[in-house]
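Descriptive structure summary
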There are 2 protein chains.
Amino acid sequence: MTDPLYDKMAVIGCGLIGSSLARAARAHGAVGSIAIADPDAHVRERATALGLGDLVTGDLAEAVADADLVVLATPVGVMEAVAAAIAPHLKPGATLSDVGSVKGAVAQAFARTAPAGVFAIPGHPIAGTELSGPDAGFAELFHNRWTVLTPPAVRDAAFDTAVDRLTRFWQRLGAKVEVMDDRHHDLVLAVTSHLPHLIAYNIVGTAADLEEVTQAEVMKFSAGGFRDFTRIAASDPVMWRDIFIANKDAVLETLGRFTEDLQALSRAIRWGEADKLQELFTRTREIRRGVIALGQESAEPNFGRDRSGSEPDKPA
Amino acid sequence: MTDPLYDKMAVIGCGLIGSSLARAARAHGAVGSIAIADPDAHVRERATALGLGDLVTGDLAEAVADADLVVLATPVGVMEAVAAAIAPHLKPGATLSDVGSVKGAVAQAFARTAPAGVFAIPGHPIAGTELSGPDAGFAELFHNRWTVLTPPAVRDAAFDTAVDRLTRFWQRLGAKVEVMDDRHHDLVLAVTSHLPHLIAYNIVGTAADLEEVTQAEVMKFSAGGFRDFTRIAASDPVMWRDIFIANKDAVLETLGRFTEDLQALSRAIRWGEADKLQELFTRTREIRRGVIALGQESAEPNFGRDRSGSEPDKPA
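First, a word on scope: everything that follows refers to the structure included in this document. (Residues numbered from 1 in each chain as written. Chains lettered and ligands numbered in written order. Predicted model: local features only at pLDDT ≥ 70, side-chain atom pairs only at ≥ 80, totals over all residues. Heavy atoms only, no water.)

Quick notes on the overall build of chain A
The condition that has to hold: Secondary structure elements are defined from DSSP: runs of H or I of at least 4 residues count as helices, runs of E of at least 2 residues count as strands, and each element is numbered from the N terminus. When we talk radius of gyration, it's over C-alpha atoms, and the globule rule is simply 2.2 Å times the number of residues to the 0.38. Working definition of accessibility: Shrake-Rupley area with a 1.4 Å probe, residue cover restricted to the visible protein chains.
A count of helices and strands for chain A gives 12 helices and nine strands. Here the C-alpha radius of gyration of chain A, 22 Å, is about what a compact globule of 316 residues would show, namely 20 Å. Along the first, second and third principal axes, the C-alpha set of chain A runs to 65 × 45 × 35 Å. Surface exposure of chain A reaches about 11200 Å², of which carbon and sulfur atoms provide 52%.

Digging into the packing of helix α11 (residues 248-270) of chain A against helix α7 (residues 182-209) of chain B
For the record, the criterion: A fitted line through C-alpha atoms represents every axis, and for helices the fit uses only the stretch in contact; the resulting angles, taken between N-to-C directions, go from 0 to 180 degrees. Each angle is binned into one of four classes, with values under 35 degrees roughly parallel, values over 145 roughly antiparallel, values of 65 to 115 roughly perpendicular, and all other values oblique. The hand of a helix crossing depends on one turn: near helix anticlockwise from the far one by less than a right angle means left-handed, and clockwise means right-handed. Contacts: residue pairs with any heavy atoms within 4.5 Å of one another. Polar here means any residue outside two lists: the nonpolar Ala, Val, Leu, Ile, Met, Phe, Trp, Tyr, Cys and Pro, and the charged Asp, Glu, Lys and Arg; Gly therefore counts as polar.
Orientation of α11 of chain A relative to α7 of chain B, taken along the N-to-C sense of each, is 125 degrees, at an axis distance of 9 Å. Taken together, the axis directions place α11 of chain A and α7 of chain B in an arrangement best described as oblique. The handedness of the crossing between α11 of chain A and α7 of chain B comes out as right-handed. Between α11 of chain A, through T254, R257, F258, D261, L262, L265 and I269 of chain A, and α7 of chain B, the contact on the second element is made entirely by L198, I199, N202, I203 and T206 of chain B. Residues belonging to the contact of α11 of chain A with α7 of chain B are distributed by class as follows: seven nonpolar, three polar and two charged.

Overview of the interface of chain B and chain A
Using the following cut-off: Each of two parts loses accessible area, computed with a 1.4 Å probe, when they are put together; buried area is these two losses added. Should a side-chain nitrogen of Lys or Arg be within 4 Å of a carboxyl oxygen of Asp or Glu, the pair is scored as a salt bridge. Polar contact criterion, stated in full: a pair of N or O atoms within 3.5 Å, where within protein one must be able to donate a hydrogen and the other to accept it, and residues adjacent in sequence count only if both atoms are side-chain atoms.
Counting from both sides, the interface comprises 128 residues of chain B and, opposite them, 128 residues of chain A. Interface area, chain B with chain A, both sides summed: about 12200 Å², of which 64% is carbon and sulfur. Counting the contacts that link chain B with chain A gives eight salt bridges. With its nearest N and O atoms 3.3 Å apart, the salt bridge here joins D209 of chain A to R283 of chain B. Between the two partners, chain B and chain A, sit 32 residue pairs in polar contact (both at pLDDT 80 or more). Here the side of chain B that touches chain A gets 21 residues from one element, more than from any other, and that element is α7 of chain B. Classifying every residue of the side of chain B that touches chain A by side-chain character gives 65 nonpolar, 35 polar and 28 charged.

See below:
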């Protein structure tokens, strides 16, 4: 467990995830040395002050030189440009990965830019908070969370070895790893993450635009359920802008289903169809029990003590 | 602070809220004695075992006899029937209130059933969890939470005194109290609570029906945002069925606005309008800051340590 899996790791982009990755890799001895590149001087200053890397630089070529693992931790929308910029400087045999929330677009960007002899393995750690920037990171962020890797389906033995090593790297950081087709990843995440964020952004926007209800009232009485949406809708705007555009097809498809279901639900309310409403609400409660049974709450030490999230419950 | 505000309180319905009300009133010495009525023998058994009331009964008349404060803590849909059943047994000068999430319908039910000389003051403590039943209650549930009271606009001095006493009762339990018109309450809550729950129920249902993504996958990767929705959508089905039907007009109105906004957002994604998306997402982030600034998080001791709620954030 103590031998580093990569001699040198380069992290491009030092926000919440990039910073957490550097901290976690160091804490678990997963890499020998860490180079961090970020275009923002203030971010570099914080990364240096926090001691996140052995090298902190604005120069991409310098960061990736001799790196055995290069991880892009930038918004999805700039990944292709970054991948193209570092391509001439990548070490033969290096592994190129990322932490973006969309995988099809990243796989295509890597396919278009990565030189032969580099193992391009898109990745997505499903973990985060609504906070941003290098100071928000922490070494335990990936602990007991899933990281999905989406390598090409057809690969040789050397590529298999690279996938295996990246798998062990994430496991060393405490993550659970699943290998998946990138298109399937994008559909699954459209449902479990992208659509929920879209809906949260939308409802918070709708509430802000109401003329009959003041914004102060909305905030004041947000404990009734709305507050959870404001937290989700506080996530990084640029990151999410890029996700919706990069995963447009899957997001619009799941949004279409959601809208159809919402129309049916709306009609059930309009027509006072009590039985239909109760049946749906009972079914969704079962799904929650499934989430808990699967242990998805286990990494959340506060669950069960956060008693403030939803509306009053009364006996049936 | 130690004198009881009411000699005897009767709580009708001993679920999460009724049970919490009994515990809180006892803990803070807000009432002299407590009678609890519930139609469910198992609930009565638990209430007795937990020592929640001086009297635990299935007989409404017995519970409300001589009570100075009667609080209905049943689903909204049965409140009129319960109010009608207890009407002949209410003590003259007693205060009749409730904890329902819809206030217009309850005000009408009280107006139709409460005898003259009884002060009918609908109320709504905006607090809760997704759990149900007498065992789920706790005395601190209302602490630092808002309770909204919606008494009739036109009232005499005696009625004012009754509203004042009920206000002090909730304050004694740790709540902040606001007096509001019932129609306005129903519109505000449609936005801050009812619509969020409707959306959460809908998205969890949509996810469960997808053929291309298994339910196991949805649960497994629910940390991406979906998990928050499963928690909200785990709230009591009967309670919520009644809320949507009782607050139909305000819910459908806010749902209509939400749907219009969602169509515009959908088009922005389809057309790749990056600036428009970023602008909305930046605005909603500001609203979150408003929620935090208003101290709506202060009653939630775990906030800031729950790092598992949303998607990874990366530097802009």
